[in-house]
Amino acid sequence: MESLTFHLEDFEGPLDLLLHLVGKNKMNLYDINIMQLIDQYTAAIATMQDRMEVSSEFIDMAAHLVQMKSALLLPRSPEAERMKAELTGRLIEYSACKQVAAALGSRARDLYTAVRSPMPLEGAAEYSRPHSPDKLVQAWYSLMGRSLRRKKPEAERFEPLVTAPFVSVASRVAHLLRGMLRGSVRRMGELFSKEESRSTNVATFLALLELIRAGRIRVGEDGGLQMDRTRRPRRRDHTREELT
């Protein structure tokens with residue numbers, strides 16, 4: 001094996017070193033003698049490692065190649081063929097990128113680049129628009145990536161929740177059955193009203209679910225309500241089922 005006298009500082013990475021070895025040994029990039037390439041690479045890394053001139057990325061590639069060599073020594077190893085195909089593809093892609101970079105670099109060297117001096121600013125450089133202190137604080141928090149400080153909720157916002165009346169589900173059950181017996185309630189849409197409070201509508205809905213579960217009321221596909229008068233109501237303490 002020919003002795004290697006180069007330095008790793010001359011290469012941009014492990015793929016660059018591998019590509020150099022492929023060219024040095026005049027290998028076909030599409031049919032690489034992978035065992036010879038691995039031996040030369042690991043020998044170069046071992047030599048440089050003794051002089052502490054090798055970085056971690058070169059050592060990582062050396063460990064990968066040693067693992068590949070171990071797999072290649074096994075008869076009919078699919079994993080070895082996969083690793084070999086992956087390395088070959090990376091080398092082909094890296095070689096194509098180097099060729100494109102060299103072509104673009106040669107074009108850039110032939111271009112004439114002229115840079116003019118900066119143009120003077122027109123108008124006053126100071127920002128003179130007035131803003132309130134709150135706007136400036138919000139802008140500062142947005143600039144720093146922080147969330148805006150939330151204001152304490154006012155007591156008026158909790159008043160509708162605190163002063164909401166207690167509506168018993170049992171009372172809405174009785175109201176619903178009474179309406180169906182009198183004939184004033186025939187459809188589900190007639191049970192709810194925007195004029196009623198939210199607590200009343202929610203309690204009515206829960207009462208309807210309770211009557212459907214007990215089999216006292218059936219709801220048709222068109223929303224019509226039918227009452228089963230053959231079932232006797234079961235006694236149940238509804239006093240605990242209250243909704244705020």
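Residues numbered from 1 in each chain as written. Predicted model: local features only at pLDDT ≥ 70, side-chain atom pairs only at ≥ 80, totals over all residues. Heavy atoms only, no water.

**Q** Can you walk me through helix H8 (residues 198–214) in this structure?
**A** Every α-helix winds through 3.6 residues per turn, so residues three or four apart in the chain are directed the same way. The end-to-end C-alpha distance of H8, which contains 17 residues, comes to 24 Å, matching closely the 24 Å that a straight helix rising 1.5 Å per residue would cover. When we look at burial in H8, the residues that qualify are Ser-199, Thr-200, Asn-201, Ala-203, Thr-204, Ala-207, Leu-208, Glu-210 and Leu-211. Following H8 by one or two positions, Gly-215 has its phi on the positive side, about 80°. (Helix = DSSP H or I, 4+ residues; strand = E, 2+ residues; numbered from the N terminus. Expected span 1.5 Å × (residues − 1). Buried < 20%, exposed > 50% of the residue type's maximum accessible area, 1.4 Å probe, protein only.)

**Q** Would you explain the packing of helix H1 (residues 14–24) against helix H4 (residues 78–110) in this entry?
**A** The relative placement of two packed helices is expressed as an angle between their axes plus a distance between the axes. It is at 10 Å that the axes of H1 and H4 come closest, and there the two elements cross at 90°. For the element pair H1 / H4, the angle class is roughly perpendicular. The residues of H4 that touch H1, namely those facing Leu-15, Asp-16, Leu-18 and Leu-19, are Leu-87, Arg-90, Leu-91, Tyr-94, Ser-95 and Lys-98. A class-by-class count of the residues in the contact of H1 with H4 yields six nonpolar, one polar and three charged. (Axes fitted to C-alpha atoms, helices over the stretch in contact; angles between N-to-C directions. Parallel < 35°, antiparallel > 145°, perpendicular 65-115°, else oblique. Contact = heavy atoms within 4.5 Å. Nonpolar A, V, L, I, M, F, W, Y, C, P; charged D, E, K, R; others polar.)

**Q** Would you take a moment to explain the confidence of the model for the protein chain for this structure?
**A** Fine structural detail should not be taken from predicted coordinates in areas where pLDDT scores are low. Averaged over every residue, the pLDDT of the protein chain is 77; residues scoring 70 or more account for 80%. Scored below 50 in pLDDT, residues 236–244 shows 23 contacts in the model against residues more than four places distant or in partner chains. (pLDDT = per-residue confidence, 0-100.)

**Q** Please explain a nonpolar patch on the surface as it appears in this structure.
**A** A contiguous nonpolar surface patch, about 510 Å² in accessible area, is contributed by Met-188, Val-202, Phe-205, Leu-206, Leu-209, Ile-212 and Val-219. The dominant element in the nonpolar patch, judged by the number of residues it contributes, is H8, at five residues. (Patch = residues over 30% accessible without salt bridge, like charges linked within 9 Å, V, L, I, M, F, W, Y side chains within 5 Å. Areas by Shrake-Rupley, 256 points an atom, 1.4 Å probe, with all protein chains shown as cover. Salt bridge = Lys/Arg side-chain N within 4 Å of Asp/Glu carboxyl O.)

**Q** I keep staring at the nonpolar core and nothing clicks. Help me out?
**A** The tendency in soluble globular proteins is for nonpolar side chains to be buried as a group. Counting 24 residues, the largest nonpolar core has Leu-18, Leu-37, Tyr-41, Leu-65 and Leu-91 as the members making the most contacts within it. Residue assignment for this core shows that the elements contributing at least two residues are H1, helix H2 (34–50), helix H3 (56–72) and H4. Broken down by element, the residue count for this core peaks at six residues, all from H1. Not counting residues up to four positions away in its chain, the partners in contact with Leu-91 are Leu-15, Leu-18, Leu-19, Leu-29, Ile-32 and Leu-37. The next biggest cluster of nonpolar side chains, apart from the first, holds twelve residues, and it includes Val-169, Val-173, Ala-207 and Leu-225. (Core = buried A, V, L, I, M, F, W, Y, C linked by side-chain atoms within 4.5 Å.)

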